[in-house]
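# Overview (structure and organization)
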Amino acid sequence: MITEPKIVLSLPLSDKALLPAFVEECLAENVSLIAVVGQGCEQVEDEIDWLIVGDASDPTRFVTTSSHPGETLEEVIEFATTWWVSADGPTKVVRI
């Protein structure tokens, strides 16, 4: 269960097939940020964006995403910790 409003997704993914369920959980738990770090982070962020948008028929499906190529996990945690939009709160590092 994800309870934090800001998520840092640290790559690599252990199983790419887990990504859709992770995104749905983030939507259900009202996550406001998914920041992706690690090799291939730009591609994974794009995949997350497509999973969120779907067929674009549901405007309530929204999570801000970001990718951080060339940055360390610590730098991305700092970014997420200081990022604020509609919900402030703790940041959680997730590996799936």
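Scroll up to find the structure.
Here the structure is a predicted model, which means the values were calculated and not measured.

Thresholds applied
- Residues numbered from 1 in each chain as written.
- Predicted model: local features only at pLDDT ≥ 70, side-chain atom pairs only at ≥ 80, totals over all residues.
- Heavy atoms only, no water.
- Salt bridge = Lys/Arg side-chain N within 4 Å of Asp/Glu carboxyl O.
- Helix = DSSP H or I, 4+ residues; strand = E, 2+ residues; numbered from the N terminus.
- Buried < 20%, exposed > 50% of the residue type's maximum accessible area, 1.4 Å probe, protein only.
- Arc of directions from axis to C-beta.
- Contact = heavy atoms within 4.5 Å.

## Considerations on the pattern of salt bridges
Scanning the model with the defined rule gives two salt bridges in all. Glu-24 is paired through a salt bridge with Arg-61; the nearest N and O atoms lie 2.7 Å apart. Of the two residues, Glu-24 is situated in helix 1 (residues 19-28) and Arg-61 in the loop between helix 2 (41-53) and strand 3 (64-67); the sequence distance between them amounts to 37 residues. For Glu-24, a relative accessible area of 37% corresponds to the partly exposed category.

## Thoughts on helix 1
All buried positions along helix 1 are accounted for by Leu-19, Phe-22, Val-23, Cys-26 and Leu-27. The arc that holds every buried residue of helix 1, seen down its axis, measures 140°, which confines them to one face. Residues Ala-21 and Ala-28 are exposed on helix 1 and point more than 90 degrees away from its buried face. Among the structural elements, strand 1 (6-10), strand 2 (33-37), helix 2 and strand 4 (91-94) are those in contact with the buried residues of helix 1. The positive-phi residue at the C-terminal boundary of helix 1 is Asn-30, with phi of around 60°.

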